[in-house]
Amino acid sequence: KAGVTQTPRYLIKTRGQQVTLSCSPISGHRSVSWYQQTPGQGLQFLFEYFSETQRNKGNFPGRFSGRQFSNSRSEMNVSTLELGDSALYLCASSSGTSGVSEQFFGPGTRLTVL
Amino acid sequence: DQQVKQNSPSLSVQEGRISILNCDYTNSMFDYFLWYKKYPAEGPTFLISISSIKDKNEDGRFTVFLNKSAKHLSLHIVPSQPGDSAVYFCAARTDSGGSNYKLTFGKGTLLTVNP
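Residues numbered from 1 in each chain as written. Chains lettered and ligands numbered in written order. Predicted model: local features only at pLDDT ≥ 70, side-chain atom pairs only at ≥ 80, totals over all residues. Heavy atoms only, no water.

## Overview of the confidence of the model for chain B
Where the model shows low pLDDT, its predicted coordinates should not be examined in detail. Per-residue confidence for chain B gives a mean pLDDT of 91; residues scoring 70 or more make up 93%. By mean pLDDT, strand E10 (residues 103-105) of chain B is the weakest element of chain B at 88, and strand E8 (residues 72-77) of chain B is the strongest at 98. (pLDDT = per-residue confidence, 0-100. Helix = DSSP H or I, 4+ residues; strand = E, 2+ residues; numbered from the N terminus.)

## A short note on the environment of Arg67(A)
Residue and element names in this part refer to chain A. In this structure, Arg67 sits in strand E7 (residues 64-68). Once the C-alpha coordinates of Arg67 and Leu111 are considered, the two residues, 44 residues apart in sequence, prove to be 19 Å apart. Among residues more than four places away in sequence, those in contact with Arg67 are Tyr49, Arg73, Ser74 and Glu75. (Contact = heavy atoms within 4.5 Å.)

## Comments concerning the state of the cysteines
In total, this model carries two disulfides over all chains according to the counting rule given. In this model, Cys23(A) is linked to Cys91(A) through a disulfide, with the two sulfur atoms separated by 1.7 Å. Of note, the bridge from Cys23(A) to Cys91(A) carries an S-S torsion of about 45 degrees and is right-handed in sense. You can see Cys23(A) sitting in strand E3 (residues 19-24) and its partner Cys91(A) sitting in strand E9 (residues 87-94), a full 68 residues away along the chain. In this pair, the class of Cys23(A) matches that of Cys91(A), namely buried. Between the sulfur atoms of Cys23(B) and its disulfide mate Cys90(B) the distance is 2.0 Å. Where Cys23(B) bonds to Cys90(B) through sulfur, the torsion about that S-S bond is close to -75 degrees, and the disulfide is left-handed. Taken as a pair, Cys23(B) in strand E3 (residues 19-25) and Cys90(B) in strand E9 (residues 86-94) lie far apart in primary sequence, 67 residues in all. (Disulfide = S-S within 2.5 Å. Buried < 20%, exposed > 50% of the residue type's maximum accessible area, 1.4 Å probe, protein only.)

## What about the pattern of salt bridges?
In the structure shown here, the tally under the stated rule is eight salt bridges over all chains. Arg63(A) is the partner of Glu82(A) in a salt bridge, and the nearest nitrogen-oxygen pair spans 3.6 Å. One end of the pair, Glu82(A), is in the loop between strand E8 (74-78) and E9; the other, Arg63(A), is in the loop between strand E6 (53-57) and E7, with 19 residues separating them in the sequence. Assessed through its relative accessible area of 16%, Arg63(A) is described here as buried. One salt bridge connects Asp84(B) with Arg61(B), and the closest N-O pair in it is separated by 2.8 Å. Of the two residues, Asp84(B) sits in the loop between E8 and E9 while Arg61(B) sits in the loop between strand E6 (56-59) and strand E7 (62-67), which places them 23 residues apart along the sequence. Given the relative accessible area of 2%, Asp84(B) is considered buried. A network of salt bridges, in which partner residues are shared, links Arg63(A), Glu82(A) and Asp85(A). (Salt bridge = Lys/Arg side-chain N within 4 Å of Asp/Glu carboxyl O.)

Quick look at the structure:
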């Protein structure tokens, strides 16, 4: 079974630009969550999508948005980039259908904002 | 306000000895706890978990202990191996009804196992 894939792996943008990151979950998984990892804050939850609907949301500004497609692939968009948005963005997939199921993480997209 | 705290940013142990990684939490609504391991340039990988109704869960060399009254959990690795060197994240989940999924992570502890 293929794992979670994220594209691109590395990205360099400048302040004010916008960026879109992509995540393909494990086949059959319907839940996709996004996390931001920075050295100072660790992993912070951004949002979770299940069956094309946002089910959970973290405490990030509206510049951070996402969506999920009918094939469960998900995209995350950050508009008006700031220097502080430089981070590793991780997506995780799970079956998300009942009880607690572990999340499987992708390798992440390293975003650098100059 | 950090609800999951890993107060030791790093830990160094000798190969073959026990590694003990600690995690404290403040939210009494957390009902499930997980440990993840992360190597550089890779995403975190699930290691072991424990439900709040248990106080111990064991899987091979890894054991997680939960002390609900102290709001404390720990991960024991015995014996430690050099391949265990990684960043370990403690994570917790609240039961928000059904299967809604939102994990709160600690900042991680870098474990170094010396040969």
